Structures are given as structure tokens and as C-alpha cells.
Amino acid sequence: MTTPHVVVVGAGISGLTAAYRLSTADAPCRVSLVEASNRLGGKIATTPFGGVMIDEGADAFLARVPDAIDLCRDLGIDTNFISPSSKGAYVVSRGKLRRLPDGLMLGVPTQLRQVVTSGIVSPLGLLRAGLDLVKPNNWDGEDESVGDLITRRMGSEVAERLVDPLVGSISASDTFNLSAQLATPQIAEVARNHRSLIRGLRQLQKEREATNLPLFYGFRGGMSVLVDRLAAELTAVDIRTNSEVNAIEVRPGGGYRLATPSGSIDADAVVIAAPARIAAPLVAPYAAGASQILADVEYASVSLVTMAFRSSDIGNDLDGSGLLVAPDEDMLMTAASFGHRKWPHWTGDNDDRIVMRVSAGRFGDDRAMHLDDDELVESLANELAGLLDIEGPVLEWRVSRWPLSFPQYRPGHSDRIALAESELVATLPGIELTGSSYRGVGIPACIRQGNEAAARIVERFASA
Ligand SMILES: Cc1cc2nc3c(=O)[nH]c(=O)nc-3n(C[C@H](O)[C@H](O)[C@H](O)COP(=O)(O)OP(=O)(O)OC[C@H]3O[C@@H](n4cnc5c(N)ncnc54)[C@H](O)[C@@H]3O)c2cc1C
């Protein structure tokens, strides 16, 4: 039997991981990695800003899930981790910048006393939140939105003023239309298994504190350290950039033929590690139902502006990792990360420099995408100046645009993807879907999916 050939479509972190696992699997297979753009990494990109490598997208990954850490260990870069230095954050809520209380887990308060003084939730809202401690849990376990879950347990103020700014800004979503099962799996699990969300999360928090692990890991050289290291391991992989796959055809004798502008590539199996909106037309001729499910996944676009200021121009002491903006504040900004606090090396040797990364755009709000770079920077700088008492100019800036970058997981997304996958198993065996559109947006979730897609293909060849 000839060595099977697997083509991985898309060289973001999911595709790179799948290609790495396939090319280093015990059972040999030939691997090609086909990428539409001129670079590897997809939504991970680190470029110089003020002479320091600063991420244009993801800058850290969750440390308490194993997938990214395990991959880094296999690649020999797990000793290079750094963790954010700063703690605490702010939220712009009801027209004011307010410090978020301690003890939040994804915005859910585990200590109601701490919320009292924050001014974010009204006394009545707090009383309602406290009902969680006594109300019976009658959730039927069906996936529901994060906003509905929190409102049901703790009332609308906690849902809208604490959880929505936090979870909504992480996923560029409206949390009332965001799957709890996928976007906040830990909250969904606690809600399923505990009578009280507050008590369950408190217990989880204690368990986490006992492990003494940081919440996030990053790299001094930025998240591209991971991409570059993976790419360096792909010596046996045929990597083709500037090669957009625009059709997949079933070959009469078995296997698949992929069309790219520079010619076709034959494959025995295919990992589609590209967004669902790209996968939809590729599978449409053979799996119409699956294609429709994939085409129905919606996306939010995000712009991220990196800005440097003179620290002596700033009145606020910026004590924390950043700020979030509640969606009803009618601001362009959705969040700002105090980069120099989170990653002190971002300022280089300059004590009078601070670096912030400011985000704009979420589902239903594309205003930032319609502004040119100068307008966007000016608007965001003005909003920041008002909030943080900034007197001086922006010294340097960089705009990173991420169009259609955040898939919107509606409640029931997992089940719909499972349905699409089962149709693919029947009609296009050996074609796998993997990546942020499907079962988790964060880097660890993408790595997990890349691992799993590779494992399924290896198993398929082994049992053939
Ligand atoms: C601004 C921003 C900040 C983020 N911050 C964090 C963070 O701090 N921590 C975290 O864990 N996650 C973060 N994320 C999320 C995380 O970075 C992404 O979900 C993840 O990198 C997506 O990886 P992926 O491989 O699934 O997809 P992508 O990175 O989108 O890769 C898909 C690849 O497929 C290619 N492609 C598309 N169509 C074709 C085609 N037809 N043929 C060939 N190739 C094709 C694309 O060019 C792309 O390279 C952030 C995302 C953004 C946008």
C-alpha cells in the first residue's frame, strides 16, 4: 500500500497542529499544508512595535487546560512561558470607569460582598443575585445562552453589567445569543452540577487557587513563538502558501482532488482547518445539509489598535490589566488592555512609555471596520483620553484588522456541528473539520481540535 496523503487546508494554529501531529504520527503519512495567505499562523501574528515584538491578535492562552501546554512541551518551548504581571480590571458601566470587584469568575461574582462597593450592580440587583444561593436548580441541561443562564440564576443586572462586558468582549458577542456550553463551558458545567452557581464557582475557584497555576501563559517573543516553532518542526510537510483551495472533488477511484489556482492536489484525506464559511462551499456539492449548517455560522469583525503614550501624560495610574466596556455604553471601544502592565517588557527600556491594545467591533457593531485607520485611532484615543485622563498625544500606533474573525456560537452550535460532521462522515469520509468555527475559539481549543482531527485520520488509515 502506498503512503497515504493528507492535505490540511489552512495554516492557522488548528491546521499547523493537525499537520504537526500527522507528520509525527507513528503510522507514516505524507502531509501537505495548503494556505491561502502568504504567511503561517492565521489569526496569530506578532510584529515589531516600537522595537518590541507585540502581538496583533492573541497574546496569551488559558493555562488551566492542558492542550496548548502539552503541545508546547512536545515542541520544547514550555520553559519559555511568561504570565501577565497585572491583576484586576475595570469596566465602563453606567457612564463611569469602575473597578471590577475581586472574586469574579468570567464576570460571575463568587463573593457578593465584594460587589456591594463596586457600584456596578444596584442593591436590588445584588439581592436578586443572592437568590441563586437558595433557588432550586431546575435547569434541564439543554444548551442555552450565557446571558439567559446567568439571568435565570442571578438576575439581569449581573448578566448585563458584569458577565456581558467580560464574556461578550472576549468573544465579540452578545452573550444573550452565545452558547454557554461552548463559550463558558466551566459555568455551564457548574450550572449543571450544582444547585447554586455561586457556591459551585466558589468551589471551582478554591480548587484552581490550590493548583497555584497562573491563569494565562504567553511568550516574551509573542504568540508567534508557538507558530514559528511548529513551522520549524514541519520539515517533512509540503507547505504551500498563496494557495487558496477553492473546490474539493471526489475522485472516481477514491480520495479527493483539491483545486487551487496553481493546480490540483490529490489527497486520501483532508483536514479543513479553515472557517466554516470557507468550508461550506467546499463540501456543498456532496453534503448540502452540512454545508448549510456551516454557511449559517455568523462572524464578528474586530479591529485592534496598539497605541503608545507617554506615561507622564496619563492621570490615571492604570492599576490593572485593562478595561472592558459594557455594550450599552455607546462607545466604539469594546476593551483596552494595559499592555505595559500585563507584559512589562512591551515598553522596552523606556520608563516613560506605556503601550495599550484597544479593541473595537463586536457582532452587530461594524462601525470600526468602516472607519479608515486615522479616524479609528483618533476616535479610540479620544475615548481613552476621556476615561483615563490622558493629556498628551498618541506617540505611535498600529491598526490590526481582523474581519469576520470571531465565530458566533449560538445556543445549540455544538449539536449543529455534530450533525454536519455526521453527514460528512457518511458522504465525504476522511474529510475533517477543525478550528475556531467549530468547537472553541481559544488557542487551546483550536489545538485540541487539531490533535483530534489528526488522530481520527491516523485511526482511519490504521483500520483501512
Ligand atoms: C484579535 C484577536 C485576539 C485574540 N486573542 C486571543 C487570546 O488572547 N487567546 C486565545 O486563546 N485566543 C485568542 N483569539 C482567538 C484565536 O486566536 C483564534 O481563534 C485562533 O487563532 C484561530 O485559529 P484557527 O486555526 O482555527 O483559524 P485561523 O487562524 O483563522 O486559520 C485559518 C487559516 O485558513 C486559511 N484559509 C482560509 N481559507 C482558505 C482556503 N480556501 N484555502 C487555504 N487556506 C485558507 C486562512 O488564511 C488562515 O490562515 C483571538 C483572536 C483574535 C482575532
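Up top you'll find the structure we're talking about.
What counts, and at which threshold
- Residues numbered from 1 in each chain as written.
- Predicted model: local features only at pLDDT ≥ 70, side-chain atom pairs only at ≥ 80, totals over all residues.
- Heavy atoms only, no water.
- Helix = DSSP H or I, 4+ residues; strand = E, 2+ residues; numbered from the N terminus.
- Rg over C-alpha atoms; globule rule 2.2 N^0.38 Å.
- Buried < 20%, exposed > 50% of the residue type's maximum accessible area, 1.4 Å probe, protein only.
- Contact = heavy atoms within 4.5 Å.
- Lys, Arg positive; Asp, Glu negative; His and termini not counted.
- Charge placed at Lys NZ, Arg CZ, Asp CG, Glu CD.
- Near = heavy atom within 4 Å.
- Polar contact = N/O pair within 3.5 Å; in protein donor to acceptor, adjacent residues only side chain to side chain.
- Areas by Shrake-Rupley, 256 points an atom, 1.4 Å probe, with all protein chains shown as cover.
- Nonpolar A, V, L, I, M, F, W, Y, C, P; charged D, E, K, R; others polar.
- 1 Å grid on protein atoms, 1.4 Å probe; cavity = no way out; pocket = protein on both sides within 12 Å on 5 of 7 lines; lining within 4 Å.
- Points joined across faces, edges and corners; volume = space filled by probe spheres on them.
- Disulfide = S-S within 2.5 Å.
- Expected span 1.5 Å × (residues − 1).
- Arc of directions from axis to C-beta.
- Axes fitted to C-alpha atoms, helices over the stretch in contact; angles between N-to-C directions.
- Parallel < 35°, antiparallel > 145°, perpendicular 65-115°, else oblique.
- Left-handed = near helix turned anticlockwise from the far one by under 90°.

Examining the overall build of the protein chain
Line of reasoning, step 1. From N to C terminus, the protein chain includes 16 helices and 22 strands.
Line of reasoning, step 2. In terms of overall size, the protein chain behaves like a compact globule, its C-alpha atoms giving a radius of gyration of 23 Å where 464 residues would be expected to give roughly 23 Å.
Line of reasoning, step 3. The C-alpha extent of the protein chain, read off along each of the three principal axes, is 70 × 55 × 40 Å.
Line of reasoning, step 4. Counting across all 464 residues of the protein chain, residues that qualify as buried make up 55%.
Line of reasoning, step 5. Across the protein chain, every contact between residues at least 6 apart in sequence was considered, and the portion connecting residues at least 24 apart equals 74%.
Line of reasoning, step 6. Taken together, the 44 basic and 58 acidic charged side chains of the protein chain have centroids lying 5 Å from each other.

What about the site of the ligand?
Line of reasoning, step 1. Near the ligand, the surroundings consist of 33 residues, among which Glu35, Lys43, Ala60, Val441 and Ile443 are the closest.
Line of reasoning, step 2. Between an oxygen atom of the ligand and a main-chain N or O atom of Ile13, the distance comes to 3.1 Å.
Line of reasoning, step 3. Here a nitrogen atom of the ligand and a backbone polar atom of Ala36 are 3.0 Å apart.
Line of reasoning, step 4. Against a free-state accessible area of 1000 Å², the protein chains account for coverage of 88% of the ligand.
Line of reasoning, step 5. Secondary-structure elements contributing two or more residues to the shell around the ligand are α1 (13-23), β21 (396-408) and α16 (443-462).
Line of reasoning, step 6. Per element, the largest residue contribution to the shell around the ligand is three residues, and it comes from β21.
Line of reasoning, step 7. Looking at the shell around the ligand residue by residue, the classes come out as 18 nonpolar, eleven polar and four charged.

What about empty space enclosed by the protein?
Line of reasoning, step 1. Under the criterion given, the structure shown has one cavity of 30 Å³ or more.
Line of reasoning, step 2. Counted as a void, the largest cavity has a volume near 40 Å³.
Line of reasoning, step 3. As for the largest cavity, its lining consists of Asp55, Asp59, Ile82, Gly218, Phe219, Gly222, Trp343, His345 and Trp346.
Line of reasoning, step 4. Here the lining of the largest cavity is built from residues that sort into four nonpolar, three polar and two charged.

Overview of the state of the cysteines
Line of reasoning, step 1. With the rule as written, the count across this model stands at zero disulfides.
Line of reasoning, step 2. The cysteine Cys446 is free of any disulfide, with Cys72 supplying the nearest cysteine sulfur at 14 Å.
Line of reasoning, step 3. In this structure Cys446 comes out as buried when scored by relative accessible area, which is 5%.

Notes on the environment of Asp352
Line of reasoning, step 1. The topology assignment puts Asp352 in the loop between α13 (339-342) and β20 (353-360).
Line of reasoning, step 2. In this structure, the C-alpha to C-alpha distance between Asp352 and Ser291, residues 61 residues apart in sequence, is 53 Å.
Line of reasoning, step 3. With residues up to four places along the chain from it excluded, the contact list for Asp352 reads Phe309, Arg310, Ser311 and Ser312.
Line of reasoning, step 4. In terms of polar contacts, Asp352 uses its side chain to reach the backbone amide nitrogen of Ser312, at 2.9 Å.

A word on the layout of surface pockets
Line of reasoning, step 1. Size it by volume and the second largest pocket reaches roughly 180 Å³.
Line of reasoning, step 2. Forming the walls of the second largest pocket are Glu421, Leu424, Val425, Leu428, Pro429, Gly430, Ile431, Glu432, Leu433, Arg456, Ile457 and Arg460.
Line of reasoning, step 3. Those elements giving two or more residues to the lining of the second largest pocket turn out to be α15 (413-427), β22 (431-433) and α16.
Line of reasoning, step 4. In terms of residue class, the lining of the second largest pocket is built from seven nonpolar, one polar and four charged.

Regarding α15
Along an α-helix, residues three or four positions apart point the same way, because every turn accommodates 3.6 residues.
Line of reasoning, step 1. When the terminal C-alpha atoms of α15 are compared, their 21 Å separation across 15 residues agrees well with the 21 Å that a helix rising 1.5 Å per residue should span.
Line of reasoning, step 2. Those residues of α15 that sit buried are His413, Ser414, Ile417, Ala420, Glu421 and Leu424. Angular distribution of buried residues about the axis of α15 spans 125°; they occupy a single face of the element. Opposite the packed face of α15, turned more than 90 degrees from it, sit the exposed residues Asp415, Leu419 and Ala426.

Some details on the packing of helix α2 (residues 66-75) against α16
Line of reasoning, step 1. Look at α2 against α16: their axes get within 7 Å of each other, and the N-to-C directions meet at 70°. Classed by the angle they form, the pair α2 and α16 counts as roughly perpendicular. Relative to α16, α2 is oriented so that their crossing is left-handed. The segment α2 lies against α16, with Asp67, Ala68 and Leu71 engaging Pro444, Ile447 and Arg448.
Line of reasoning, step 2. Along the lines of polarity and charge, the residues of the contact of α2 with α16 split into four nonpolar, no polar and two charged.

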